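# Architecture and fold: a report
Listed here are the chains, written in short residue letters.
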Number of protein chains: 2
Amino acid sequence: MSRTIRIEKKILEANNIIAERNRKRFAEEGIMVVNIMSSPGSGKTTLLEKSIALLSDRINIGVIEGDIATDKDAVRVEEAGAKWVTQINTGGTCHLEAGMIEQAMEDMPKGLDLLIIENIGNLICPVGMDLGEEIKIMLSSITEGMDKPKKYPGIYRACKVLVVNKVDLAPMVDVDPDALVTESLEVNPQLKVFKTSARTGEGVDDWCEWLLSISKKG
Amino acid sequence: MSRTIRIEKKILEANNIIAERNRKRFAEEGIMVVNIMSSPGSGKTTLLEKSIALLSDRINIGVIEGDIATDKDAVRVEEAGAKWVTQINTGGTCHLEAGMIEQAMEDMPKGLDLLIIENIGNLICPVGMDLGEEIKIMLSSITEGMDKPKKYPGIYRACKVLVVNKVDLAPMVDVDPDALVTESLEVNPQLKVFKTSARTGEGVDDWCEWLLSISKKG
């Protein structure tokens, strides 16, 4: 391994400078930008597929997909009808950074209403990295159990919106979605909450109406 | 935030020195040590509870629990019958390090046969950190979907053992456990695989027989 000197404060400062540049560009172009975070396999991409299919004839949606490896998710959201999609492969990096977003936007077309950034599956490392987004959103899968809000409080506090996904599996895993919401609100009482099953479609309409309302055409 | 200078190579070198010290102590005391990693909410603690309940009258099991916050998991495995349990709360750190294990072992009693380290829920950051363990094990929950081996290849390659958990939910999430095993073996053909449902108990006997066989009394 080559020698790497990392000065954490400088990295965060550099990230924040680029994040502000991204934020300025988003404002100038009139794009609402959301940063979606969760554990691996919580259903982010499936929810995006369903949402884009429902919304793509009403607003122009762009997606930046973050993954360690593969372009599987980019292919899926493109097929669902996203207007513009770019896949970032970080190699081994555990979170997206503002500079990756800036680079990904090099060929971003004009006219997007909503840009969705799907972060790396990780409840910890992406939280402190400002990408220039307006709203941080987290997904929590019902199958992950009741204890995640208290065990990973940082991400619950950083987000404005919580989507409790896979609610169709609640009876099978003995987790009450409403109790999980209560646990989450104890960590962050400001959370706006949606309950969905991306697989069955339950709750996806409400979530999509909200996405539409925050997009610049909403 | 205070200024922190991080020299990655030096941190890894320092970690490895302590990991070797841990490894030497484990060998001297005749303890088998495993490091269990997974996404948040894959069922690590539930599997440990069931395993410890089945094995605690045959071998002396110690557990070191790693979490960002709370001692919920330590309480659970202690109630299940673990001989010795220590909870590490990392605050915000996304992985366990050898120095944390060394510190946790300060009051570790003699006579343990098996020490199980439950790492932070994270598929990326814990992988490169040697704790002094003999075997790295990962859990993959069937509810996380089919694409994780290819999207997070590093952890699949680092581990000797894969436990595919929550197989009782396979029909509800349209994931075939055998297909997931095939995907995993494409990334690491050396993986020893167990299929379990910690909740229903399916497959837990085989897994426990193996734990017993690797423990120094096995």
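Throughout what follows, the structure given in this document is the object of discussion. (Residues numbered from 1 in each chain as written. Chains lettered and ligands numbered in written order. Predicted model: local features only at pLDDT ≥ 70, side-chain atom pairs only at ≥ 80, totals over all residues.)

### Some points on the relation of the copies chain A and chain B
For the pair chain A and chain B, the best superposition has an RMSD of 0.0 Å and corresponds to a rotation of 180 degrees with a translation of 0.0 Å parallel to the axis. Considering both components of the superposition, the chain copies are consistent with a two-fold axis. Most of the interface of chain A is mirrored in chain B, where 100% of its interface residues again form contacts. (Least-squares fit on C-alpha atoms with pLDDT ≥ 70 in both. Contact = placed C-beta atoms within 7 Å.)

### Points about the interface of chain A and chain B
In this complex, chain A contributes 36 residues to the contact, which on the side of chain B involves 37 residues. The set of elements that each furnish at least two residues to the side of chain A that touches chain B consists of β1 (5-7), α1 (8-29), α5 (148-151) and α6 (153-158) of chain A. Considered class by class, the residues forming the side of chain A that touches chain B number 14 nonpolar, 11 polar and 11 charged. (Helix = DSSP H or I, 4+ residues; strand = E, 2+ residues; numbered from the N terminus. Nonpolar A, V, L, I, M, F, W, Y, C, P; charged D, E, K, R; others polar.)

### Let's talk about the packing of helix α2 (residues 44-55) of chain B against helix α9 (residues 204-214) of chain B
Between two packed helices, both the angle of their axes relative to each other and the distance between the axes serve to describe the pair. Residues and elements named next belong to chain B. The N-to-C vectors of α2 and α9 enclose an angle of 65 degrees; their axes lie 10 Å apart at closest approach. Where α2 crosses over α9, the handedness of that crossing is right-handed. On the side of α2, the interface is formed by Lys50, Ser51, Leu54 and Leu55, while α9 contributes Val204, Trp207, Cys208, Leu211 and Leu212. Its residues assigned to classes, the contact of α2 with α9 comprises 7 nonpolar, 1 polar and 1 charged. (Axes fitted to C-alpha atoms, helices over the stretch in contact; angles between N-to-C directions. Left-handed = near helix turned anticlockwise from the far one by under 90°.)

### So, the environment of Arg21(B)
Tracing the sequence through the fold places Arg21(B) in helix α1 (residues 8-29). The spatial distance from the C-alpha of Arg21(B) to the C-alpha of Glu102(B) is 8.4 Å, given a sequence separation of 81 residues.

### Description of the sheet that holds strand β2 (residues 32-37) of chain A
Residues and elements named next belong to chain A. Ordered by their spatial adjacency, 7 strands build an open sheet running β4-β3-β5-β2-β6-β7-β8, and the pairing between neighbours is parallel. Strand pairing shows two members of the sheet lacking a second neighbour, β4 (84-89) and β8 (192-195), which therefore form its edges. For this sheet, the mean inter-axis angle between neighbouring strands, taken without regard to orientation, is 20 degrees. Here 4 bridges tie β2 to strand β6 (residues 135-141), and the two strands are oriented parallel to one another. Its bridge partner being in β6, Met37 is matched across the sheet by Met138. Along the sheet, helix α3 (residues 72-80) makes contact with β3 (61-67), β4 and β5 (114-118), crossing β3 at roughly 165 degrees. (Pairing = 2+ DSSP bridges.)

### Section: the packing of α2(B) against helix α3 (residues 72-80) of chain B
Residue and element names in this part refer to chain B. Orientation of α2 relative to α3, taken along the N-to-C sense of each, is 20 degrees, at an axis distance of 8 Å. The orientation of α2 relative to α3 falls into the category roughly parallel. The chirality of how α2 crosses α3 is right-handed. Between α2 and α3, the residues in contact are Thr45, Leu48, Glu49, Ile52 and Ala53 and Asp73, Arg76, Val77 and Ala80, respectively. Among the residues making up the contact of α2 with α3, the classes are represented as 5 nonpolar, 1 polar and 3 charged. (Parallel < 35°, antiparallel > 145°, perpendicular 65-115°, else oblique.)

### Regarding the pairing of strand β2 (residues 32-37) of chain B
In regular strands, side chains alternate between the two faces of the sheet. Residues and elements named next belong to chain B. Of all the 6 residues making up β2, 6 are buried; the element is thus mostly covered by neighbouring parts of the structure. Burial along β2 is two-sided: the face carrying Met32, Val34 and Ile36 and the face carrying Val33, Asn35 and Met37 are both buried. When β2 meets strand β5 (residues 114-118), the two strands line up parallel, connected through 5 bridges. Counted as the bridge partner of Val34 is Ile116 from β5. (Buried ≥ 20, exposed ≤ 12 C-beta atoms within 10 Å, placed from the backbone.)

### Some remarks on α3(A)
Residues and elements named next belong to chain A. Here α3 has its buried residues at Asp73, Ala74, Val77 and Ala80. The buried side chains of α3 occupy one side of the element, clustering within an arc of 125 degrees when seen end-on. Looking at the buried side of α3, the elements it contacts are α2 (44-55), β3, β4 and β5. Taken from the residues just after α3, Gly81 is the one with a positive phi, measuring 120 degrees. (Arc of directions from axis to C-beta.)

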